Amino acid sequence: MTAVEERPGTRLQRPDVEPGQLFIGGRWREPVAGDRFGAVDPGTGKTLTSVARGSAADVDAAVAAAREAAPGWAATPGRERARILHRVADLVRTRADEIVAVESADVGKPVSLCRAVDVETVAEQYEYYSAMAQSVDGAARTIPIPSHAYTRREPLGVVAAITPFNFPLILSTSKIAPALAAGNTVVHKPAEDTSLSALLMAGILAEAGVPDGVVNVVTGFGSEIGDHLLTHPGVDKIAFTGSTAVGRHAASLAGERLKPVTLELGGNAAHIVFEDADVEQAVGAAIKAFVFNTGQFCMGGPRLLVADALYDSVLGALAEAVPHVPVGDPFDPATVVGPMAGERHRVKVEQYVEQARADGGRIVAGGGRPALDGDAAGGFFFQPTVIADLPHTSRVVQEEIFGPVLTVQRFATEDEAVALANGTPYGLAAGLQTTNLARAHRVAARLDAGIVWVNDWAMLDPAIPFGGVKDSGFGREYGPEALDAYTRTKSVVISLA
Ligand code: NAD
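Keep in mind that what you see is a predicted model, and the values were worked out from it rather than measured. (Residues numbered from 1 in each chain as written. Predicted model: local features only at pLDDT ≥ 70, side-chain atom pairs only at ≥ 80, totals over all residues. Heavy atoms only, no water.)

Colleague: Provide a residue-level description of the overall build of the protein chain, including the pertinent values.
Modeller: Assigned secondary structure in the protein chain consists of 15 helices and 22 strands. Taking the principal axes of the C-alpha coordinates as reference, the protein chain spans close to 75 × 60 × 45 Å. Counting across all 497 residues of the protein chain, residues that qualify as buried make up 57%. Here the contacts in the protein chain between residues at least 6 apart in sequence split such that 74% fall between residues at least 24 apart. (Helix = DSSP H or I, 4+ residues; strand = E, 2+ residues; numbered from the N terminus. Buried < 20%, exposed > 50% of the residue type's maximum accessible area, 1.4 Å probe, protein only. Contact = heavy atoms within 4.5 Å.)

Structure below.
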């Protein structure tokens, strides 16, 4: 589907991407209604290609294909499923340039980060769940009556995987890899802003030997086909990653139908710098935590809480360092911060920065659009921005901004730091900087979050589960825990009397 212009010794080029079709039952198809929409390159603001605008009829076809393929895939030995998943990992590494080019052009991700993080993580996830596919097994149980008793772990059937715009490759894989390892089939609906890598991966999965109908991709708008997929009687499980508002809606539809659902939702993590922290390390981690993926990171660290004793020095170090973070063309290997994934995301961030000014916030770095030239002048860039002195009640502190914006607040005591950290509706990630080991464990235990990092940020691995508490959702992805979300336990008790 994609042609990448590669010239040895030169940097990766923007790809020519053919118009995207739907992938249903192992075949590329035009949408039933024939509608399409544009995929925009956020680094230039120009249209990259067009994508099929799926309708309810396409969802029906995809669910039917997934249902038809389900018994065969469930009966495929785990070892064979493992071989296929491992081939996916190998193909992802072999075709890394092509995948990086498409994902970077579609999402605006800096190519260096996309290669090291997104593409590498996808390969690692397929390797990890390839190993897991061989050990999806039950256990013998001993009970007092004469019997042979054991549990079986069975796949759920057809999984509807709905994913957001910010990490298209990683977040679709974090559903598809464990779902396939456990013997389920999948209908994937990627985000309308960033659908292209889902189509590329569909081709790679087929090339690796995933049978027809086991993974189907329907592109289109959540507002048009989302409810149809969520309420489809042929869907057995919903795996949703996205905003808290849409997740709440998905959960209510799933609840009415008693469908199992996992929800990976919004975040607004606090990053606490205690007075005993290594300041240089803390500032470095704080910058990484809020600029990574241009702040479009559910587990980013947009709220920095700094002990009174360090407040001025940390703010000074941020004011000095943040303007030097390289912002620009994602295809420049030196770029660290690319554009926002879409104009509407940038507008939302600008509104929050306006609100911060109105709420008495002091802009310490950034605060507007950077001056870029060439093609980048049309891109959706926003400067990494640091805002001090906002009250905890400000919407800018309480809500998820989802852009390269850091608010900095001060605290006097450990109890106050924990109260501020836990004082929003979210609970996805959290972090702290300290050289006191006892404090590290004590505070980690008190934070409302599915994952806590100490003395660094975003240490993630397919073996480490993550997920939310409170308005950040429920269920865990990654680790063996993810398999629990894609299997059900059946007990078998055979009388020996
Ligand atoms: P979103 O909720 O707008 O969209 C997510 C997906 O839901 C998209 O595919 C969209 O098309 C679909 N959708 C929209 N309306 C729907 C409906 N009525 N029924 C079914 N599907 C529907 O989220 P977004 O803007 O794409 O992503 C950003 C959000 O995702 C942020 O809140 C971020 O924190 C969150 N996120 C969470 C995690 C996590 O692991 N917890 C990871 C990444 C992003």
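Colleague: So what's going on with the site of the ligand? Residues and values would help.
Modeller: Taken together, the neighbourhood of the ligand is formed by 30 residues, with Thr163, Glu192, Ser243, Leu265 and Glu400 sitting nearest. For the ligand, an oxygen atom lies 3.5 Å from a polar atom in the side chain of Glu264. For the ligand, whose accessible area on its own is 850 Å², the fraction buried by protein is 91%. By residue number, the principal contributor to the shell around the ligand is helix H7 (residues 222–230), which donates five residues. Its residues assigned to classes, the shell around the ligand shows 14 nonpolar, eleven polar and five charged. For the shell around the ligand, the domains that each give at least three residues are domain 1 (2–265 + 472–491) and domain 2 (270–461). (Near = heavy atom within 4 Å. Polar contact = N/O pair within 3.5 Å; in protein donor to acceptor, adjacent residues only side chain to side chain. Areas by Shrake-Rupley, 256 points an atom, 1.4 Å probe, with all protein chains shown as cover. Nonpolar A, V, L, I, M, F, W, Y, C, P; charged D, E, K, R; others polar. Domains from an automatic or database assignment.)

Colleague: Would you mind going over the sheet that holds strand S20 (residues 451–454) in detail, with residue names and values included?
Modeller: Strand pairing in a sheet is mediated by backbone hydrogen bonds. Such pairs are either parallel or antiparallel. Spatial strand order, S16-S17-S18-S15-S14-S19-S20: seven strands in an open sheet with mixed pairing. With partners counted over all chains shown, the strands left at the sheet margins are strand S16 (362–365) and S20, one partner each. On average, each strand axis in the sheet is inclined to that of its neighbour by 25°, with strand direction left out of account. Pairing analysis gives four bridges linking strand S19 (residues 429–433) to S20, with the strands arranged parallel. Note that in S20 the partner of Ala430 across the bridge is Val452. Contacts between helix H13 (residues 414–421) and the sheet are confined to strand S14 (270–273), strand S15 (303–307) and strand S18 (405–411), with S18 contributing the most and set at about 150° to the helix. (Pairing = 2+ DSSP bridges. Axes fitted to C-alpha atoms, helices over the stretch in contact; angles between N-to-C directions.)

Colleague: Mind laying out the sheet that holds strand S7 (residues 140–141), listing which residues take part and the relevant values?
Modeller: Reading across from one edge, S7-S8-S22 is the order of the three strands in this open sheet, with antiparallel pairing throughout. Edge positions in the sheet fall to S7 and strand S22 (487–495), since each of these pairs with one other strand and no more. Relative to strand S8 (residues 147–155), S7 runs antiparallel, the two sharing two bridges. Residue pairing across strands places Arg141 opposite Ala149, the latter belonging to S8.

Colleague: Explain the packing of H13 against helix H14 (residues 437–446) to me, using residue names and the numbers behind them.
Modeller: The axes of two packed helices give the description: the angle between them and the distance between them. Taken N-terminus to C-terminus, the directions of H13 and H14 make an angle of 35°; their axes are 10 Å apart at the nearest point. At the point where H13 passes H14, the crossing takes the right-handed sense. Here H13 contributes Glu414, Asp415 and Val418 to the contact with H14, which in turn contributes Arg439, Arg442, Val443 and Arg446. Here the residues of the contact of H13 with H14 sort into two nonpolar, no polar and five charged. (Left-handed = near helix turned anticlockwise from the far one by under 90°.)

Colleague: Give me the domain arrangement of the protein chain: which residues, what numbers.
Modeller: For the protein chain, the assigned domains are domain 1 (2–265 + 472–491) and domain 2 (270–461). Its C-alpha centre places domain 1 at a distance of 30 Å from the equivalent point of domain 2. Each side of the interface is counted separately: domain 1 has 32 residues, and domain 2 has 32 residues. Carbon and sulfur atoms make up 58% of the surface buried where domain 1 meets domain 2, a total of about 2,600 Å² over both sides. Counting the surface domain 1 buries against domain 2, the share from its top three residues, Arg11, Phe165 and Ser472, is 20%. Between Arg11 and Asp329 there is a salt bridge, with the nearest N and O atoms lying 3.3 Å from each other. Of all the elements in the fold, those that place two or more residues in the side of domain 1 that touches domain 2 are helix H3 (96–107) and helix H4 (111–133). (Buried area = accessible area lost by both parts, 1.4 Å probe. Salt bridge = Lys/Arg side-chain N within 4 Å of Asp/Glu carboxyl O.)

Colleague: Any details on the packing of H3 against helix H6 (residues 196–208)? Residues and values, ideally.
Modeller: Viewed as axis vectors pointing N to C, H3 and H6 meet at an angle of 160°, and their least axial separation amounts to 9 Å. In terms of their interaxial angle, H3 and H6 are classed as roughly antiparallel. Residue-level inspection shows Glu98, Ile99, Val102, Glu103 and Asp106 of H3 in contact with H6, the latter providing Leu196, Ser197, Leu200 and Ile204. Of the residues in the contact of H3 with H6, the class split is five nonpolar, one polar and three charged. (Parallel < 35°, antiparallel > 145°, perpendicular 65-115°, else oblique.)

Colleague: An account of the environment of Glu481 is requested, with residue identities and associated values reported.
Modeller: Relative to the helices and strands, Glu481 resides in helix H15 (residues 481–484). According to the relative accessible area criterion, Glu481 is partly exposed, its value standing at 36%. Here the alpha-carbon distance between Glu481 and Phe466, two residues 15 residues apart in the chain, equals 9.3 Å. Residue contacts for Glu481: discarding those within four places in its chain leaves Pro465 and Arg476.

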